Amino acid sequence: MKDTRPVNLDLTAFRFPLTALLSITHRVTGVIIFFGVAILLYLLELSLKSEAGFAEAQELLTSPLAKFVLWGVVSGLLYHIVAGTKHLIMDWGVGETLAGAAIAGRITIVTSVALIIAAGFWIW
Amino acid sequence: MVTSVTNFSRSGLSDWIAQRVSAVVLLAYSLFIFISLLTGPELSYAAWSELFSHTAVRLFSLLAIFALCVHAWIGMWTIATDYLTASHLGASATAIRFGFLIGCALLVVIYLLWGIQIFWGS
């Protein structure tokens, strides 16, 4: 077997720079959204079914636990959207350097934290 | 060259572009929903169901659910093949990864059919 085959790196042996932490967060939020979509589709179906269904969905969302879960999924979505937009911009060739990635990473954090807090106020 | 049989399009480059195209669709749809919720009047059943009764909105929603399925599959496949590997899990990695991916594929199909039912069912 050729010894130049790609290997899986031992991730536990690395110190993660900011960009790596943002990357793993992008993946984690992706997984959260994948399962969270089930909740969103359920709420959407219920709310579109009938006047009573709409009221039931509104009633469901009055509980603090439901609000928290919805906020969690929406937060994951907001981060994923901001970080994903950064990806698309960088794919276009903008800021495609080590320094550019560090700046874009900070912008990603500030923007998504602001949006997540705003979403919290909106949901509660 | 080894051709992967479980990724979306059998080609990393095609997967890469499919991930970007579906991302743009999902970004546009998310913005549409957020803006509709934020700028609309006080949310009521009448306004909400009226919004989803337009053919254009139904088509956009179906397109978004299709993009979501493509996007989610590529993402979950990437994660599974990065983390559910023999170097992390040992000899049973292939079985665990296939089990996980089959579960993801099932959920993707459920989302697709469920979405069609919601947006086009009635």
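Our subject is the structure listed above.
Read on for a plain summary of the structure. In this text, all values refer to a predicted model and were calculated from it rather than measured experimentally. Position labels on residues start from 1 in each chain and follow its written sequence. Both sets of labels track the order of writing: A upward for chains, 1 upward for ligands. Under the rules for a predicted model, residues below a pLDDT of 70 receive no local features and side-chain atom pairs below 80 are neither given nor counted, while totals for whole chains, interfaces and linings still include all residues. Working from all heavy atoms in the structure, the side-chain values ignore hydrogens and water.

Points about the nonpolar core
Step number 1: Judged by nonpolar contacts, the single largest core of 36 residues is most densely connected at F34(A), F52(B) and Y111(B).
Step number 2: Within the residue set of this core, elements represented by two or more residues are α1 (18-49) of chain A together with α1 (12-39), α2 (45-51), α3 (55-83) and α5 (93-120) of chain B.
Step number 3: Put simply, DSSP H or I for four residues or longer makes a helix, DSSP E for two residues or longer makes a strand, and each gets a number counted from the N terminus. Per element, the largest residue contribution to this core is 12 residues, and it comes from α3(B).
Step number 4: Should any heavy atoms of two residues lie within 4.5 Å, those residues are considered in contact. Ignoring anything within four residues of it in the chain, the contact list for F52(B) reads L44(A), L48(A), Y29(B), I33(B), V57(B), R58(B), S61(B) and F119(B).
Step number 5: Joining through side-chain atoms within 4.5 Å is the link that ties buried Ala, Val, Leu, Ile, Met, Phe, Trp, Tyr and Cys residues into a set, and such a set is a nonpolar core. Residue exposure (1.4 Å probe, protein chains only): buried if accessible area is under 20% of the type maximum, exposed if over 50%, otherwise partly exposed. By size, the runner-up hydrophobic cluster in this structure holds 11 residues, among which are L46(A), L70(A), V74(A) and I116(A).

Notes on unusual backbone geometry
Residue and element names in this part refer to chain B.
Step number 1: The phi torsion at R10 lies on the positive side, around 65°, for a residue other than glycine.
Step number 2: Following the sequence through the fold, R10 ends up in the segment before α1.
Step number 3: You can call R10 partly exposed: its relative accessible area is 43%.

Points about the interface of chain A and chain B
Step number 1: Counting from both sides, the interface comprises 30 residues of chain A and, opposite them, 35 residues of chain B.
Step number 2: By buried area we mean the combined loss of accessible area, with a 1.4 Å probe, across both parts when two parts are placed together. A combined buried area of about 2,900 Å² lies between chain A and chain B, and 74% of that area is made up of carbon and sulfur atoms.
Step number 3: Together, R27(A), F34(A) and L48(A) form the three largest contributors to the area buried by chain A at its contact with chain B, with a combined 24%.
Step number 4: Criterion for a salt bridge: a side-chain nitrogen of Lys or Arg within 4 Å of a carboxyl oxygen of Asp or Glu. The interface formed by chain A and chain B includes 2 salt bridges.
Step number 5: For the salt bridge of R20(B) with D91(A), the shortest nitrogen-to-oxygen distance reads 2.7 Å.

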